[in-house]
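Secondary and tertiary structure notes
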Amino acid sequence: SAANAASIDDEDDATRVLVEHALFQFGVERLLAGRPALVHMGASFLRSGLYRALPPDQLLLELLADVDADEESRALAIAARAAGYRVALDDVVHVAQATSPDLLAIADIVKVDVSALAPDELVPTIRTLRALAPNAMVLAERVEEVEQFRRAADAGFERAQLAVPAKD
């Protein structure tokens, strides 16, 4: 129903609203009950520093691809990690060509879009990630079929995020 739907035009605005509600309407302790929150964060939201209003032990910064594309944003992400925030890299596809080694080195989680990879690219992707992000948990995201899940697990992915088809 329309009452349960969100219309999001700007990812940073959506993240800002989420953080504001977490802080002021619900309260972080009540909302999270000691569990960590994974918050999508683009470059401009990272630059805003608003995430620092949330406790580092309960927040995992899920960095969108535009953070990786900008040197200043990469430096801010590295500083956030040094300040105790955990970092997840979102929508990683072709690791060696497209993801900065400095971000991979600090990542706690690397989310790989397996829907964009051929089955024979899974094992080489895991090998590359193990070399560049030795401390990161590797998560297969956008897993849409059981066979795709099995291939990802066999290749060495530690977790999977299932893609649920939208209802028309």
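Each remark here, short or long, concerns the structure printed above.
Below: a short report on this structure. Since the structure is predicted, the reported quantities are computational estimates derived from the model, not experimental observations.

Overview of the layout of surface pockets
Summary: where empty space remains is shown by rolling a probe the size of a single water molecule over the atoms. In this structure, the second largest pocket encloses a volume near 160 Å³. As for the second largest pocket, its lining consists of 13 residues, and the residues nearest its centre are A65, D68, D91, V92 and T99. Put simply, the parts of the chain that give the lining of the second largest pocket at least two residues each are α4 (65–68) and β3 (86–92). The biggest single contributor to the lining of the second largest pocket is β3, with four residues.

Examining the pairing of β3
Both faces of the sheet carry side chains from a regular strand, because those side chains alternate between them. Among the seven residues in β3, five count as buried, and that is most of the element. Pairing analysis gives four bridges linking strand β2 (residues 59–63) to β3, with the strands arranged parallel. Across the sheet, L61 pairs through a bridge with V87, a residue of β3.

Concerning the sheet that holds β3
Spatial strand order, β1-β2-β3-β4-β5-β6: six strands in an open sheet with parallel pairing. Only two strands of the sheet have a single neighbouring strand rather than two, namely β1 (37–41) and β6 (159–162). This sheet shows a mean twist of 25 degrees between the axes of neighbouring strands, independent of strand direction. Bridge count between strand β4 (residues 109–113) and strand β5 (residues 137–143): five bridges; the pairing is parallel. Paired with I109 across the two strands is M137, which belongs to β5.

Conventions adopted
- Residues numbered from 1 in each chain as written.
- Predicted model: local features only at pLDDT ≥ 70, side-chain atom pairs only at ≥ 80, totals over all residues.
- Heavy atoms only, no water.
- 1 Å grid on protein atoms, 1.4 Å probe; cavity = no way out; pocket = protein on both sides within 12 Å on 5 of 7 lines; lining within 4 Å.
- Points joined across faces, edges and corners; volume = space filled by probe spheres on them.
- Helix = DSSP H or I, 4+ residues; strand = E, 2+ residues; numbered from the N terminus.
- Buried < 20%, exposed > 50% of the residue type's maximum accessible area, 1.4 Å probe, protein only.
- Pairing = 2+ DSSP bridges.
- Axes fitted to C-alpha atoms, helices over the stretch in contact; angles between N-to-C directions.

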